[in-house]
Amino acid sequence: MKVHILDDWFNTLRSLPCFGLLEDHDVTVWTDHEPDEAALARRLRDADCVVLFRERTPVTRTLLEKLPNLRMISQRGAHPHVDVQACTDHGVLLCSNKGADGANYAAAELTFALILAAMRQLPQQMASVKAGGWQMGVGRTLRGRHLGLYGYGRIGRVVADYARAFGMEVTWWSSSAGRARARADGEIVAPSREAFFAQSDVVSLHLRLTPETRGIITDQDLARMSDRAVLVNTSRAGLIAPDALLHALNAGRPGMAALDVFDNEPLTDLNDPLLSHPNVIATPHIGFVTEDEFDKQFSDIFEQVNAYAAGHPIHMINPDVYAR
């Protein structure tokens, strides 16, 4: 098949073991991001299969209308960026392994790195010493402080292990089902949503972005946080209600945010009010960006391509297409 891989910005996949899975296919790798849909359609006009690099490129109905040769889209994880009904209407099979085994340790590691960076003022201290200013302030120790984890999933549980190694006290909040699982596992669940936000020195979000979770973190939630608390988001920007975080930071609650995700990505506008906010430290959506995690994720994605080519597709999101 003619397989096109989108948004491999650093041309990393060719250097990884997983790329050998595509040796029987005609592969094109695009190493830049094409935001113009018409130009993107021209790139992909001959593609039988498109491989998505997470949510870097949305798949819309209008894009699919311009790709009559497309038969399959292969990706991994949730797919809020893909119009599944439009895929079905155009006879395009979407395959995505949403139940992959194991936690995303890369994302968990970055989460805890951001917690450390925020509490110890690492970006500001680094900038100060490089500018000849030496120390610029006084950070805070993690031991004995409260980490609130919103979302009882695999990544959150790994972050909890890291936090306990640093002597932090971990408290959970989640859906009613998630809270029940946490209690069954012997974890501490906050007595209420209000207490969760009010009592946490650090709140870290670990939820998938779905129609049910979009905007689940509200202005009221953020207003309950301390003026010295930190909100960490390495999951998805859409979990927070539109503009709520910017308004909250301007109001001083929470006191700081450490972010790896933004509403519009790639975000390169230095004047963006959230990115440029003095109480925000930020990374450019690198939670999953390690060679190890790429090889793990794209092994799944490329195996889906091969399964489809062999006539036995796996992880089908819209199986009715294949049954036609």
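For the structure itself, consult the block above.
Because the structure is predicted, anything quoted here is derived from the model rather than measured. (Residues numbered from 1 in each chain as written. Predicted model: local features only at pLDDT ≥ 70, side-chain atom pairs only at ≥ 80, totals over all residues. Heavy atoms only, no water.)

## Re the state of the cysteines
The full count for this structure, using the stated rule, is zero disulfides. Cysteine Cys 18 remains unbridged, with the sulfur of Cys 49 as its closest cysteine sulfur at 14 Å. Free cysteine: Cys 87, not disulfide-bonded; nearest cysteine sulfur from Cys 95 at 10 Å. By relative accessible area, which is 0% here, Cys 87 ends up buried. (Disulfide = S-S within 2.5 Å. Buried < 20%, exposed > 50% of the residue type's maximum accessible area, 1.4 Å probe, protein only.)

## Overview of the environment of Asn 97
In this structure, Asn 97 sits in strand E5 (residues 93-97). Not counting residues up to four positions away in its chain, the partners in contact with Asn 97 are Gln 75, Arg 76, Gly 77, Asp 300, Gln 304 and His 315. (Helix = DSSP H or I, 4+ residues; strand = E, 2+ residues; numbered from the N terminus. Contact = heavy atoms within 4.5 Å.)

## Examining the sheet that holds strand E3 (residues 49-51)
Pairing between sheet strands relies on hydrogen bonds along the backbone, with the strands arranged either parallel or antiparallel. Strand order in the open sheet made by the five strands is E2-E1-E3-E4-E5, with parallel pairing throughout. Since the sheet does not close on itself, it has two edges, and those belong to strand E2 (26-29) and E5, each with one partner. Direction aside, the axes of adjacent strands within the sheet are offset by 20° on average. Here strand E1 (residues 2-5) runs beside E3; their pairing, made up of three bridges, is parallel. Each residue of the ladder has a partner; that of Val 3, found in E3, is Cys 49. In the packing of helix H11 (residues 291-309) onto the sheet, the strands contacted are E1, E3, strand E4 (72-76) and E5, and the crossing angle to E4 comes to about 155°. (Pairing = 2+ DSSP bridges. Axes fitted to C-alpha atoms, helices over the stretch in contact; angles between N-to-C directions.)

## Overview of a negative patch on the surface
A cluster of acidic side chains, namely Asp 219, Asp 243, Asp 263 and Glu 265, defines a negative patch on the protein surface. Residue placement: Asp 263 occurs in the loop between strand E10 (256-259) and strand E11 (280-282). (Patch = residues over 30% accessible without salt bridge, like charges linked within 9 Å, V, L, I, M, F, W, Y side chains within 5 Å. Areas by Shrake-Rupley, 256 points an atom, 1.4 Å probe, with all protein chains shown as cover. Salt bridge = Lys/Arg side-chain N within 4 Å of Asp/Glu carboxyl O. Lys, Arg positive; Asp, Glu negative; His and termini not counted. Charge placed at Lys NZ, Arg CZ, Asp CG, Glu CD.)

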